[in-house]
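Chain by chain, the residues run as shown.
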Amino acid sequence: MEQNDLGVFKGQIRATPDQALSEEQLIEVVEQKLGLQKGGISWVHILKRSIDARNAPVMLQLVVEAGSEDNLKHRSLPQLDAISFPKLPDGASHVLVVGSGPAGLYAALELIRNGIKPIVVERGKMVRERRRDLAALTKDHIVNPESNYCFGEGGAGTYSDGKLYTRAKKRGHVMESLLWLVAHGADPDILVDAHPHIGTNRLPVIISKMRESIENAGGDVRFNTKLTDFNSKSGAVSGATLLNVKTGATQEIECKQIVLATGHSARDIFYLLYDKGLSLEAKEFALGVRVEHPQSFIDSRQYHGEERVNNLDEERLPAASYTLVCQIKGRGVHSFCMCPGGIIAPCATEQQEIVTNGWSPSKRNNPYANSGMVVTIDEDVWTKAGYSGPLGALEYQRSVEKACWKAAGETQRAPAQRLTDFVANRPSSGPEADCSYHPGTTFVNLHDVLPREIAEPLKKGFLEFDRKIRGFIHKDAILVAPESRTSSPVRIPRDKESLEHPDLVGLYPCGEGGGYAGGILSAAMDGRRVAAQIASIL
Ligand SMILES: Cc1cc2nc3c(=O)[nH]c(=O)nc-3n(C[C@H](O)[C@H](O)[C@H](O)COP(=O)(O)OP(=O)(O)OC[C@H]3O[C@@H](n4cnc5c(N)ncnc54)[C@H](O)[C@@H]3O)c2cc1C
């Protein structure tokens, strides 16, 4: 550990989960590491925390600061005061932001910081009202195409696990984007944890506060408002058509810049661009199933038998997760969006389809561990299945979602199979699966439902994963299909410098829908990037 000019020590320590829970015990660990007498240190402040579960016993790897009473005031605290979204000046120019997911919200906030008024239009409802549509989807199997797990205030991120991990290299940008979440009520621990997450129960409040920041500054946020068309003059955006999905009324709005942050599930937007003759590209994505295990099994395997207390031990040792990846005959098979202590959610955006994803509450204290298990889908796959052109991957994705809907009885029940039966290629029988997917399941043989190019690599992938996590092909493990919205099946091209669509000045594809992000944080960061680019030319 090194000591700075102010007398504060900083460096790495290893601690047991119990030691890490108590400042008193951490002080002892630091004193021992520094060879100091008892009382040599009076405080320890954790800057970074990760779990080292490679071997037993499980240890925490911490980056800490420590010191005496005299230098307590010099510990590094998050600089929240620097984050403000000031009132917009009168007559500020405006930009239309389509979509209030992480990309749209962060774009709007960044525009405000640059004195530009965002007009955010969102086809779905405010978070509070959105809940009713989620309940109708789960209980009554009714999919509202404008308000569901993917559409509505906060976008697909609102009712998610809220994992905030990104592979983005610019750590300064990552930290600042996390700070915006903390400034809107997220637990400051997300700044410390190596794999931070927020949880479905906490996200809606944070999202609402972000909207309030936009509105308090003088930005405009309109719910139940869908972009259905846009106009151009001399190759540049000139306006847009907005539909009030409640009343059916349409409105024309003038604008020179549109941030298109509509997410990967807004198929009508892809068709709109296609019909207008704007260039689009089919994009590789991944498709497969959700697999669900008892969380206690994943914990015992990943933590080498170390006990967690009734799965309610988030503070000391969080519900364990895994990342699995392998190659089967040149095709990638990997785990996706693992949700420890979570549930499998019904994420369809249209009536005649099944889509699954996962979420978990902040404490990750459900008894199930679920994860996507997906196979890479490339042009070869969708072409052989008879789909081509820029929307070929999307059409292939849609065909699998529809096949699952048909196989499970044409409601929001999902086709399911025991993992042991799937690898043995025999249908599961008996009453429906005991799993967390609340609309219910219908047992099938997923080899008869999923295309062979997905089912075969998946089966081999599971056999491989069973070698990596012994017993992964567990008697109680259930597969629920399909996991299909892993990323956008379409790329909306944009210029590397101007970030505009190459065919239309003023159209800014943004976030996951355009193919420029793969999760909450990367979508948020892309929103800021696009907004900063717009600010640089206005
Ligand atoms: C259940 C679930 C769990 C997830 N868990 C995680 C996780 O733990 N961590 C993680 O990083 N990612 C997770 N994701 C993915 C993550 O939510 C997305 O990557 C992220 O939300 C993408 O942000 P975005 O702003 O680009 O698009 P979106 O969040 O999809 O937002 C797009 C918004 O645009 C709106 N819209 C669409 N079309 C129109 C239109 N024509 N007019 C007006 N509005 C329109 C939609 O209603 C939507 O609100 C999860 C997704 C789901 C569904």
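Just so we're clear, the structure is a prediction, and the values are computed from it rather than from any experiment. (Residues numbered from 1 in each chain as written. Predicted model: local features only at pLDDT ≥ 70, side-chain atom pairs only at ≥ 80, totals over all residues. Heavy atoms only, no water.)

1. Comments concerning the state of the cysteines
Phase 1 of the analysis: All told, the structure shown has 0 disulfides when counted by the stated rule.
Phase 2 of the analysis: Looking at cysteine 404, it has no disulfide partner, and the nearest cysteine sulfur is the one in cysteine 347, 14 Å off. (Disulfide = S-S within 2.5 Å.)

2. Describing the domain arrangement of the chain
Phase 1 of the analysis: Domain parsing of the chain yields domain 1 (2-75), domain 2 (94-280 + 492-537) and domain 3 (282-483).
Phase 2 of the analysis: Just the C-alpha atoms count here: the centres of domain 1 and domain 3 sit 40 Å apart.
Phase 3 of the analysis: At the interface, 10 residues of domain 1 touch 8 residues of domain 3.
Phase 4 of the analysis: For the pair domain 1 and domain 3, the summed buried area comes to about 730 Å², and 68% of that belongs to carbon and sulfur atoms.
Phase 5 of the analysis: At the junction of domain 1 with domain 3, the criterion picks out 1 salt bridge.
Phase 6 of the analysis: Of the charged contacts in the structure, one is a salt bridge between arginine 316 and aspartate 18, with a shortest N-O distance of 2.8 Å.
Phase 7 of the analysis: Counting the contacts that link domain 1 with domain 3 gives 2 residue pairs in polar contact (both at pLDDT 80 or more).
Phase 8 of the analysis: Among the elements that line the side of domain 1 that touches domain 3, the one with the most residues is helix H1 (residues 17-21), at 3 residues. (Domains from an automatic or database assignment. Contact = heavy atoms within 4.5 Å. Buried area = accessible area lost by both parts, 1.4 Å probe. Salt bridge = Lys/Arg side-chain N within 4 Å of Asp/Glu carboxyl O. Polar contact = N/O pair within 3.5 Å; in protein donor to acceptor, adjacent residues only side chain to side chain. Helix = DSSP H or I, 4+ residues; strand = E, 2+ residues; numbered from the N terminus.)

3. Topic: the sheet that holds strand S6 (residues 117-121)
Phase 1 of the analysis: Spatial ordering of the open sheet is given by S7-S6-S5-S11-S23, a layout of 5 strands whose pairing is parallel. Single-partner strands in this sheet number two, and they are strand S7 (220-222) and strand S23 (507-509). Neighbour-to-neighbour, the strand axes of this sheet turn through a mean angle of 20°, independent of strand direction.
Phase 2 of the analysis: One ladder, built from 3 bridges, connects strand S11 (residues 258-260) with S23; its direction is parallel. Residue pairing in the sheet places leucine 260 in a bridge with proline 509 of S23.
Phase 3 of the analysis: Its contacts with the sheet put helix H3 (residues 102-113) on strand S5 (94-98), S6 and S11, and the angle it makes with S6 is roughly 160°. (Pairing = 2+ DSSP bridges. Axes fitted to C-alpha atoms, helices over the stretch in contact; angles between N-to-C directions.)

4. Some details on the packing of aromatic side chains
Phase 1 of the analysis: Taken as a whole and assessed by the stated rule, the structure comprises 7 aromatic pairs.
Phase 2 of the analysis: Arranged with centres 6.1 Å apart and planes meeting at 90°, the rings of phenylalanine 422 and phenylalanine 462 form a pair that is edge-to-face. Within this pair, whereas phenylalanine 422 is found in helix H11 (residues 419-424), its partner phenylalanine 462 is found in helix H13 (residues 452-468), the two being separated by 40 residues in sequence.
Phase 3 of the analysis: A residue is classified by how much of its surface remains accessible, and phenylalanine 462, at 1% relative accessible area, is buried.
Phase 4 of the analysis: Through a chain of ring-to-ring contacts, the aromatic side chains of Tyr322, Phe422, Phe462 and Phe472 assemble into a single cluster.
Phase 5 of the analysis: A cation over a ring is seen here: arginine 528 above tryptophan 180, with NZ or CZ 4.2 Å from the ring centre. (Phe/Tyr/Trp six-rings, centres within 6.5 Å; stacked < 30°, edge-to-face > 60°. Buried < 20%, exposed > 50% of the residue type's maximum accessible area, 1.4 Å probe, protein only. Lys NZ or Arg CZ within 6 Å of the ring centre and 35° of its normal.)

5. Description of the nonpolar core
Phase 1 of the analysis: Core analysis: the biggest nonpolar cluster contains 55 residues, and Met373, Leu450, Leu458, Phe462 and Phe472 have the highest contact counts within it.
Phase 2 of the analysis: Core analysis: the second largest hydrophobic core is formed by 49 residues, Ile198, Met210, Val259 and Ala523 among them. (Core = buried A, V, L, I, M, F, W, Y, C linked by side-chain atoms within 4.5 Å.)

6. Quick look at the site of the ligand
Phase 1 of the analysis: The full set close to the ligand counts 37 residues, and Ala103, Glu122, Ala156, Glu512 and Ile520 are the nearest of them.
Phase 2 of the analysis: Between the ligand and lysine 163, the relevant distance is 2.9 Å, taken from an oxygen atom to a main-chain nitrogen or oxygen of the residue.
Phase 3 of the analysis: Between the ligand and the protein, one listed contact pairs an oxygen atom with a backbone N or O atom of glycine 519 at 3.5 Å.
Phase 4 of the analysis: Burial of the ligand by the surrounding chains reaches 96%, relative to a free accessible area of 1000 Å².
Phase 5 of the analysis: Elements represented by at least two residues in the shell around the ligand include exactly H3, strand S8 (225-233), strand S17 (356-359), helix H14 (511-514) and helix H15 (520-537).
Phase 6 of the analysis: Classifying every residue of the shell around the ligand gives 16 nonpolar, 15 polar and 6 charged.
Phase 7 of the analysis: Two domains each put at least three residues into the shell around the ligand: domain 2 (94-280 + 492-537) and domain 3 (282-483). (Near = heavy atom within 4 Å. Areas by Shrake-Rupley, 256 points an atom, 1.4 Å probe, with all protein chains shown as cover. Nonpolar A, V, L, I, M, F, W, Y, C, P; charged D, E, K, R; others polar.)

7. With respect to unusual backbone geometry
Phase 1 of the analysis: Note the cis peptide between alanine 56 and proline 57, where omega equals -5°.
Phase 2 of the analysis: Here proline 57 shows up in the loop between strand S3 (43-52) and strand S4 (59-67).
Phase 3 of the analysis: Residue proline 482 is bonded to the preceding alanine 481 through a cis peptide linkage, with omega at -10°.
Phase 4 of the analysis: Structurally, the position occupied by proline 482 is in strand S21 (residues 478-483).
Phase 5 of the analysis: Of note in the backbone geometry, histidine 141 takes a positive phi value of approximately 65° without being a glycine.
Phase 6 of the analysis: As for its placement among the helices and strands, histidine 141 is situated in the loop between helix H4 (127-140) and helix H5 (171-183).
Phase 7 of the analysis: Positive phi outside glycine occurs at histidine 304, with the angle close to 55°.
Phase 8 of the analysis: Residue placement: histidine 304 occurs in the loop between helix H8 (295-302) and strand S14 (325-328).

8. Things to note about the pattern of salt bridges
A side chain with one charge can pair with a side chain of the opposite charge if their charged atoms come near.
Phase 1 of the analysis: Taken as a whole and judged by the stated rule, the model has 37 salt bridges.
Phase 2 of the analysis: A salt bridge links arginine 267 to glutamate 401; the nearest nitrogen and oxygen atoms lie 2.9 Å apart. Residue arginine 267 is located in helix H7 (residues 267-275), and its partner glutamate 401 is located in helix H10 (residues 392-407); the two are separated by 134 residues in the primary sequence. When sorted by exposure, arginine 267 lands in the same class as glutamate 401, which is buried.
Phase 3 of the analysis: Each of Glu110, Arg113, Glu176 and Arg528 takes part in a single network of salt bridges with overlapping partners.

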